[in-house]
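Listed below, chain by chain, are the residues.
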Amino acid sequence: MIQKILSHIIPIKIFKKKSARSKTIEITWTNGQLVLDTENTNYSYGSLQRILRYGLRNIGYQNIKKMDHILLLGVAGGSVVKTIVDEIAYTGKITGIEIDSEMIQVANKYFKLNEIKQLEIVIEDAFEFVLKTKYKYDLIIIDIFEDIKMPNFLFEDFFSRHICSLLNTKGFVLFNTMILDESHNIRNKKYISGIDSEKFMTKMLPRIEDHNELIIIEKIV
């Protein structure tokens, strides 16, 4: 495809639409790869896929392969799903929660998300889903952004306690956060200090991108 070849020289935008939730959804050929962006940031594939792959490698691909059920809060184009299924060869169940139905329509069309049989997509607010789900999970990936902003509820003790309560023993949370100023650094440190250190082990990974910081929580008992 000529667009794919030319994208190694210059990015080529092939799709753009307005979204009530995400404001703008764009699909672009970049360096021979389709990526999904919003107005100000990469949402799937591209740098975001590199960031979450880095987090998954830290947890351990062999650990993930043995898991039964993964919960993904914030699906967008589904690049982390592709990493889990194609690169890790994970065969268990994946439940993806996405509030923006238009985002999923785009993901199905351009990234064939609907062809991944072990993936169940639920169009719902992540906060509401977490409060009512009856399942336990081996890995919970939190990747929720509104363009470059993160909803405040993600960092509230009430929500983090619920997230941690959904983990099986030896389960993990992989939380992708955005750091734009010093207040965000303080926010992340406060978030980690609020996790029960007797039941959970937490760490922040060294950044591989300027504005993204990954937090990993492991349930140890």
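From a predicted model like this one, the values you see are computed outputs, not experimental measurements.

**Side note on the environment of G78**
Tracing the backbone through its elements, the reader meets G78 in the loop between β5 (69-73) and α4 (79-87). Along the sequence, G78 and M103 sit 25 residues apart, while their C-alpha atoms lie 9.9 Å from each other.

**As for α4**
Counting buried positions along α4 gives seven out of nine residues, so the element sits mostly inside the fold. Those residues of α4 that fall on the buried side of the exposure criterion are S79, V80, V81, K82, T83, I84 and V85. Looking one or two residues past α4, A89 carries a phi angle of roughly 65°, positive in sign.

**A word on the layout of surface pockets**
Taken as a whole, the second largest pocket spans an internal volume of roughly 190 Å³. Lining the second largest pocket, in full, are D157, S160, R161, C164, S165, G194, I195, D196, K199, F200 and K219. Sorting elements by how many residues they give to the lining of the second largest pocket places helix α7 (residues 157-165) first, with five residues. Considered class by class, the residues forming the lining of the second largest pocket number three nonpolar, three polar and five charged.

**Describing the pairing of β5**
Among the five residues that make up β5, five are buried, leaving the element largely enclosed by the rest of the structure. Both faces of β5 are covered, namely the face carrying H69, L71 and L73 and the face carrying I70 and L72. Relative to strand β6 (residues 93-98), β5 runs parallel, the two sharing five bridges. Within the sheet, the bridge partner assigned to L71 lies in β6 and is T95. For the handedness criterion, the β-α-β arrangement of β5, α4 and β6 is classed as right-handed.

**Concerning the pairing of β6**
Within β6, five of the six residues are buried, which leaves the element mostly enclosed by the surrounding structure. As defined by bridge partners, β6 adjoins strand β7 (residues 119-123) across five bridges and the pair is classed as parallel. In the strand pairing of β7, E98 is matched with I123. The parallel pair β6 and β7, bridged by helix α5 (residues 101-111), forms a crossover whose chirality is right-handed.

**Considering the sheet that holds strand β8 (residues 137-142)**
In a beta sheet, neighbouring strands pair by backbone hydrogen bonds and run either parallel or antiparallel. If you trace the seven strands from one edge of the open sheet to the other, you get β7-β6-β5-β8-β9-β11-β10, paired in mixed fashion. Edge positions in the sheet fall to β7 and β10 (200-204), since each of these pairs with one other strand and no more. Within the sheet, the average angular offset between the axes of one strand and its neighbour, ignoring direction, is 15°. Inspection of the sheet shows β5 paired to β8 by four bridges, in the parallel sense. Pairing of L73 across the sheet is with I142, part of β8. The sheet contacts of α7 involve β5, β8, β9 (167-178), β10 and β11 (212-219), and relative to β9 the element is tilted by about 140°.

**Re the packing of aromatic side chains**
Counted by the stated rule, this structure contains eight aromatic pairs. Relative to Y110, the ring of F15 has its centre 5.3 Å away and its plane inclined at 50°; by these criteria the two rings are tilted. With F15 in strand β1 (residues 12-19) and Y110 in helix α5, this pair connects stretches of sequence that are 95 residues apart. Classification of Y110 by relative accessible area gives buried; the value is 19%. A ring pair is formed by F175 and Y191, whose centres lie 5.2 Å apart and whose planes are at 65°; its orientation type is edge-to-face. In this pair, F175 is assigned in strand β9 and Y191 in helix α8 (residues 182-193), connecting sequence segments 16 residues apart.

Rules used in this analysis
- Residues numbered from 1 in each chain as written.
- Predicted model: local features only at pLDDT ≥ 70, side-chain atom pairs only at ≥ 80, totals over all residues.
- Heavy atoms only, no water.
- Helix = DSSP H or I, 4+ residues; strand = E, 2+ residues; numbered from the N terminus.
- Buried < 20%, exposed > 50% of the residue type's maximum accessible area, 1.4 Å probe, protein only.
- 1 Å grid on protein atoms, 1.4 Å probe; cavity = no way out; pocket = protein on both sides within 12 Å on 5 of 7 lines; lining within 4 Å.
- Points joined across faces, edges and corners; volume = space filled by probe spheres on them.
- Nonpolar A, V, L, I, M, F, W, Y, C, P; charged D, E, K, R; others polar.
- Pairing = 2+ DSSP bridges.
- Right-handed = clockwise from strand over helix to strand, strands pointing away.
- Axes fitted to C-alpha atoms, helices over the stretch in contact; angles between N-to-C directions.
- Contact = heavy atoms within 4.5 Å.
- Phe/Tyr/Trp six-rings, centres within 6.5 Å; stacked < 30°, edge-to-face > 60°.

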